[in-house]
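# Chains, contacts and geometry: an overview
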Amino acid sequence: MSQIPASMAFAVPSRINTLNVLETLALGTAGGMLFLWANLPGGLISGAMIAVGVAAIAGRPLFMPPILTQTVLVLLGISLGSLVSRQLLQHMGAYPLTIGLLALATFCSTFGSSIYLQRIHGWDQTSALLAGSPGALSQITMPALEKGADVSAIAVVQTMRVIILTAALPLLLALTGIAPSSPPTAAVAIASPLELTVLIAASVAVALLLRLMKFPASWMFGAMIGSSVLHGSGLIEGGLPPWMRAVALVGIGALIGSRFARMKAKTLLSHVNAALGSFAIAIIISAMFVAVIALTTQVRFADIVVAFAPGAMDAMLALALTLHIDPIFVGAHHLSRFVFVTITTPGIVHLFGRPQEDVDD
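We now turn to the structure provided with this report. (Residues numbered from 1 in each chain as written. Predicted model: local features only at pLDDT ≥ 70, side-chain atom pairs only at ≥ 80, totals over all residues. Heavy atoms only, no water.)

A word on the overall build of the protein chain. On a plain count of helices and strands, the protein chain comes out with 15 helices and zero strands. By the burial criterion, 50% of the 361 residues in the protein chain qualify as buried. A fraction of 77% describes how many contacts in the protein chain between residues 6 or more apart in sequence connect residues 24 or more apart. Carbon and sulfur atoms provide 70% of the accessible area of the protein chain, an area that totals close to 16800 Å². (Helix = DSSP H or I, 4+ residues; strand = E, 2+ residues; numbered from the N terminus. Buried < 20%, exposed > 50% of the residue type's maximum accessible area, 1.4 Å probe, protein only. Contact = heavy atoms within 4.5 Å. Areas by Shrake-Rupley, 256 points an atom, 1.4 Å probe, with all protein chains shown as cover.)

Below is the structure:
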């Protein structure tokens, strides 16, 4: 029988977890700083994501604990809210049209990707529908488990979609001249210690309130709303110090990259073709709707591209921050899609997915 005290037995895993978290943050910071030094689009978020993702695929047990994830999301929300101005509200009249088209684009891309996965890769209907749905992985996991779908395959497709968008979208926007390769270092006032305290307290308070209301992405959107109100009303003019914004971007990148730590390399490789193919279908369909909106409204093309990109909300809003894209427009659309997917996914799976009795056979 082991003579190690119970306290030490519990301390060892805790120490290992701490080292894994520190390794995740160190890799993310190194990758983000390398991309920033190389003046690559997306800089901190893309570099952190790629560095952590590569290490995770190589077998490193990397992860971000909930408290650290929540802190990063609050910082991201505050940073996005500090960009709010009356000028950013000028296109709100176009929101009903563009949000309606986004819902239609989501429906079409889900079924387009689903048909591709079924016809080309032989997936069952339920797994294909859930993998094709451009929602958060957390939204998809529960119905996937309940319906006996291939959760690992769905996770690969969903994660690959976010990774590709986060890495490629800034590069695409920069190469086409739609967004600068290096975001302008505009003079952004830094809040005084008192203003910073009020800003953080108000943002966390709103985030906690939204969390109690079961609001989606409550930490990020709560902080964004609290910060937006304070900045939009003129009560506070300054924002977070640059190093705090950098922490938020590196943290989001590391969080996305760490998703690969839960996947075996064999599982990833076996589904990479399906992930790439379904992603291409979703992008083609989304591009059609983006073109329609760009030709019929006055909304900036870069704003439409990021708003309609079928990626995770936190990643796309982080890109909006680093590329100086309208956070209100992007946030409203990704939140709308999150709600749309949450409401419609169970019904779509019930109507078009594999019957429950087939799963049990």
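Another point: the pattern of salt bridges. Tallied over the entire structure, the rule returns two salt bridges. Note that Arg60 and Glu23 form a salt bridge whose closest N and O atoms lie 2.8 Å from each other. Taken together, the residues Arg60 in the loop between helix H2 (43-57) and helix H3 (66-81) and Glu23 in helix H1 (residues 6-37) connect sequence positions 37 residues apart. Accessibility expressed as a relative area gives 38% for Arg60, which makes it partly exposed. A salt bridge links Arg300 to Asp303, with the shortest nitrogen-to-oxygen separation between them at 3.0 Å. (Salt bridge = Lys/Arg side-chain N within 4 Å of Asp/Glu carboxyl O.)

Let us look at the environment of His334. Mapped onto the elements of the fold, His334 is located in helix H14 (residues 327-352). Taking relative accessible area as the criterion, His334 reaches 2% and is therefore assigned buried. Along the primary structure His334 and Ala309 are separated by 25 residues, whereas in three dimensions their C-alpha atoms are 8.9 Å apart. Sequence-distant contacts of His334, defined by excluding residues within four places in its chain, comprise Val306, Ala307, Ala309, Gly311, Met313 and Met316.

Moving on, we come to the packing of H3 against helix H9 (residues 218-232). In contact at an axis separation of 7 Å, H3 and H9 are set at 30 degrees when each is read in the N-to-C sense. It follows that H3 is roughly parallel to H9 by the angle criterion. Crossing of H3 over H9 shows right-handed handedness. Residue-level inspection shows Gln70, Leu73, Val74, Leu76, Gly77, Ile78, Leu80 and Gly81 of H3 in contact with H9, the latter providing Trp219, Met220, Ala223, Met224, Ser227, Ser228 and His231. Considering only residue class, the contact of H3 with H9 consists of nine nonpolar, six polar and no charged. (Axes fitted to C-alpha atoms, helices over the stretch in contact; angles between N-to-C directions. Parallel < 35°, antiparallel > 145°, perpendicular 65-115°, else oblique. Left-handed = near helix turned anticlockwise from the far one by under 90°. Nonpolar A, V, L, I, M, F, W, Y, C, P; charged D, E, K, R; others polar.)

Attention shifts here to the environment of Trp219. Assignment of secondary structure puts Trp219 in helix H9. Given the relative accessible area of 14%, Trp219 is considered buried. Residues Trp219 and Leu76, 143 residues apart in the sequence, show an inter-C-alpha distance of 9.3 Å. Ignoring anything within four residues of it in the chain, the contact list for Trp219 reads Gln70, Leu73, Val74, Ala207, Leu208 and Arg211.

In this section: the side chain of His333. You can see His333 is positioned in helix H14. For His333, the side chain forms a polar contact with the main-chain oxygen of Phe329, separated by 2.7 Å. Setting aside chain neighbours within four positions, we find His333 in contact with Tyr95, Thr98, Ile99, Leu102, Ala307 and Phe308. (Polar contact = N/O pair within 3.5 Å; in protein donor to acceptor, adjacent residues only side chain to side chain.)

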